[in-house]
Amino acid sequence: MKDYYKILGIAKGASEQDVKKAYRRLAHKYHPDKGGDAGRFKEISEAYQILSNRDKRAQYDKFGRVFEGGGPSAGAGQDGFGGFQWGWQRGPAEGFDEGSFDFPDLGDIFEDFFGAGQGPADLRKGRDIEVELRIPLEAVLSRREERVSLSKFVLCSRCQGVGAEPNTKVSECFSCRGTGQVQQIRKTVFGSFTRLGICPECAGEGLRPEKPCSVCYGEGRVRGQEELLLIIPAVVDTNQILNFEGNGDTGKRRGKNGDLYARIVVKQHARFERRGDDLYAKTQISFAQAVLGDEIEVPTLEGTRVSLQIPAGTESGRIVKVQGKGIPHFQGLGRGNLNYELEIHIPKKLSHQQKELLEKLKKEGI
């Protein structure tokens, strides 16, 4: 009897997720189209088909086999595997048999041959670029302009992106006959699969310059430096990513440009700390102000000053709120609050008169 757990290299009590991970790892390793062992791959797939199915796994754990019923040998399919049928089996109505294979898990394997299933990539498209923008905290209060200098592919000034020497012809690509696409055929244990892919000779353009540009060598772009003025919206926060479409690398031979992604880093402020749309800061008050209460002026992030009411009997660490002086809300409806934590200042040195007054207060029980 085959030990399916041993075949996948997992313990008997392994979770469904562990079963799937083990199968994917081994399937990639032993797939015939990747130079692996076809027999081993089939054995791995058989084990996965049983252990990934809750009912079949329960039968296997209890009886050491899977009973599908109706066959000449209980628990064995027509190919000799317990309920496992290799490949895609046709049913009476020429439809796919639902029990033939677990389709979702074939996706990872097919992606190795044909990409992520989203069609062929545009070989002319420019690369995306990511930069980090460090801005001061006060900059998030309003829209801001930031200048950045990028080392990137830019349009070739000699051929204007065509890739050919000026006044020379651009001919039909010999490989794809001007279509920009070529057939890609992959043979697998599941059969042969054909799809259309972008022609690598002309990068999908369907045209080839008879005489490539002497500056860009037919690419239509060259390495250069470009300075950009980026508009940073208000209320951005750290790790927020802004997309500036078309500002990445210039595409090959007038292909689509890549995008520029700017990751925001809001620098720490010397006085204020941001928590969401609220701001927090600290200020010191005297013992008398804490006991009797007072009204003081404190700075805001904009650089102005506002009045802060200190209630009588304030203890150190109390937070007093100033409404609407924090960070503007994202949708522009109001602002967060400015919160000041009050710290009672204890002087280390006192004058003779101050000591006498405190002694009197001490006698009064204060």
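The structure displayed is predicted, hence computed values, not measured ones.

Rules used in this analysis
- Residues numbered from 1 in each chain as written.
- Predicted model: local features only at pLDDT ≥ 70, side-chain atom pairs only at ≥ 80, totals over all residues.
- Heavy atoms only, no water.
- Helix = DSSP H or I, 4+ residues; strand = E, 2+ residues; numbered from the N terminus.
- Buried < 20%, exposed > 50% of the residue type's maximum accessible area, 1.4 Å probe, protein only.
- Areas by Shrake-Rupley, 256 points an atom, 1.4 Å probe, with all protein chains shown as cover.
- Expected span 1.5 Å × (residues − 1).
- Pairing = 2+ DSSP bridges.
- Axes fitted to C-alpha atoms, helices over the stretch in contact; angles between N-to-C directions.
- Parallel < 35°, antiparallel > 145°, perpendicular 65-115°, else oblique.
- Contact = heavy atoms within 4.5 Å.
- Nonpolar A, V, L, I, M, F, W, Y, C, P; charged D, E, K, R; others polar.
- Core = buried A, V, L, I, M, F, W, Y, C linked by side-chain atoms within 4.5 Å.
- Phe/Tyr/Trp six-rings, centres within 6.5 Å; stacked < 30°, edge-to-face > 60°.
- Polar contact = N/O pair within 3.5 Å; in protein donor to acceptor, adjacent residues only side chain to side chain.
- Left-handed = near helix turned anticlockwise from the far one by under 90°.
- Salt bridge = Lys/Arg side-chain N within 4 Å of Asp/Glu carboxyl O.

Undergrad: Outline the overall build of the chain, supporting the account with residue identities and numerical values.
TA: Within the chain, the secondary structure is distributed over 7 helices and 15 strands. Counting over 366 residues, the chain shows a buried share of 36%. With an accessible surface of roughly 22200 Å², the chain has 48% of that area assigned to carbon and sulfur atoms.

Undergrad: Give a description of helix α7 (residues 352-363) that names residues and reports values.
TA: In a regular helix each residue adds 1.5 Å, so 12 residues correspond to 16 Å; α7 covers 17 Å between its end C-alpha atoms and thus fits that length. Directly beyond the C-terminal end of α7, a positive phi value near 90° is found at G365.

Undergrad: Give me the pairing of strand β14 (residues 319-322): which residues, what numbers.
TA: Side chains V320 and V322 project from β14 onto a buried face, and the interleaved I319 and K321 project onto a face without burial. Strand direction decides the pairing type here: β14 and strand β15 (residues 338-344), joined by 4 bridges, are antiparallel. Bridge pairing links I319 to E341 in β15.

Undergrad: Which residues make up the packing of helix α3 (residues 38-51) against helix α4 (residues 54-63), and what are the values?
TA: Axis separation between α3 and α4 bottoms out at 6 Å; the angle between their running directions is 100°. When the axis of α3 is compared with that of α4, the two are roughly perpendicular. Judged by residue contacts, Q49, I50 and L51 of α3 engage K56, R57 and Y60 from α4. Residues belonging to the contact of α3 with α4 are distributed by class as follows: 3 nonpolar, 1 polar and 2 charged.

Undergrad: Break down the sheet that holds strand β9 (residues 260-266) for me, with residues and values.
TA: With respect to topology, 3 strands assemble into an open sheet ordered β1-β9-β8, the strand pairing being mixed. Because the sheet does not close on itself, it has two edges, and the strands there are β1 (129-135) and β8 (241-244). Strand-to-strand, the axes of this sheet are offset by a mean angle of 30°, without reference to chain direction. Taken together, the 7 bridges between β1 and β9 define a ladder with parallel strand orientation. Bridge pairing in β9 places L133 opposite I264.

Undergrad: Before we move on, can you summarise the nonpolar core with the specific residues and values?
TA: The biggest cluster of nonpolar side chains holds 38 residues, and the ones touching the most others in it are L230, I232, L260, I264, F272 and L308. Those residues in contact with I264 that sit more than four places away from it in its chain are L133, I135, I232, V236, D237, T238, N239, Q240 and L242. If you look at the next biggest cluster of nonpolar residues, it comprises 20 residues, including V19, A22, Y48 and Y60.

Undergrad: If you had to explain the packing of aromatic side chains to someone new, which residues and values would you point to?
TA: By the definition in use, this model includes 4 aromatic pairs. Residues Y4 and Y60 carry aromatic rings whose centres are separated by 4.8 Å and whose planes lie at 40° to one another, so their mutual orientation is tilted. Of the two residues, Y4 sits in helix α1 (residues 4-8) while Y60 sits in helix α4, which places them 56 residues apart along the sequence. Residue Y60 is classed as buried on the basis of its relative accessible area of 7%. On the numbers, 6.5 Å between centres and 75° between planes, the contact of F272 with Y340 is edge-to-face.

Undergrad: Lay out the sheet that holds strand β11 (residues 278-285) in plain terms, naming residues and giving numbers.
TA: Taken in spatial order, the 4 strands make up an open sheet running β10-β11-β15-β14, and their pairing is mixed. Looking along the sheet, the strands with just one partner apiece sit at the ends: β10 (273-275) and β14. Each neighbouring strand pair of the sheet contributes to a mean axis angle of 30°, computed without reference to strand direction. As defined by bridge partners, β10 adjoins β11 across 3 bridges and the pair is classed as antiparallel. Residue pairing for β11: R274 is matched across the bridge by L279.

Undergrad: Account for the environment of R54, with residues named and values stated.
TA: As for its placement among the helices and strands, R54 is situated in helix α4. Each C-alpha atom, one on R54 and one on E16, is 8.8 Å from the other, the two residues being 38 residues apart in sequence. At 2.8 Å, the side chain of R54 and the side chain of E16 are in polar contact.

Undergrad: Tell me what's going on with the packing of helix α2 (residues 16-30) against α3, and back it up with residues and numbers.
TA: A pair of packed helices can be characterised by two numbers: the angle between their axes and the separation between those axes. Running from N to C, α2 and α3 point in directions that differ by 165°, and their axes come no closer than 9 Å. Classified by the angle between their axes, α2 and α3 sit roughly antiparallel to one another. For the crossing formed where α2 meets α3, the hand is left-handed. Side by side, α2 and α3 meet where V19, K20, Y23, L26, A27 and Y30 of the first sit next to A38, R40, F41, I44, S45, Y48 and L51 of the second. When the residues that make up the contact of α2 with α3 are grouped by side-chain class, the tally is 10 nonpolar, 1 polar and 2 charged.

Undergrad: Describe the side chain of T250, listing the residues and the values that go with them.
TA: Among the structural elements, T250 can be located in the loop between β8 and β9. What T250 contacts, discounting residues up to four positions off in sequence, is G126, F153, V154, L155, R221 and N257.

Undergrad: Give a description of the pattern of salt bridges that names residues and reports values.
TA: When the charged atoms of two side chains lie near each other, side chains of opposite charge can form a pair. Enumeration according to the criterion identifies 19 salt bridges in this entry. For R54, the salt bridge identified is with E16, shortest N-O distance 2.8 Å. Taken together, the residues span a long stretch of sequence, with R54 in helix α4 and E16 in helix α2 at a distance of 38 residues. In this structure R54 comes out as exposed when scored by relative accessible area, which is 63%. When the shortest N-O distance is used, the salt bridge between E43 and R40 registers 3.6 Å. Taken as a pair, E43 and R40 lie in helix α3 at a separation of 3 residues, close to a single helical turn. Residue class for E43 comes out partly exposed when judged on its relative accessible area of 26%. Exposure remark for R40: the relative accessible area of 23% places this residue in the partly exposed category. In this structure, a network of salt bridges that share partners links the residues E132, R134 and R263.

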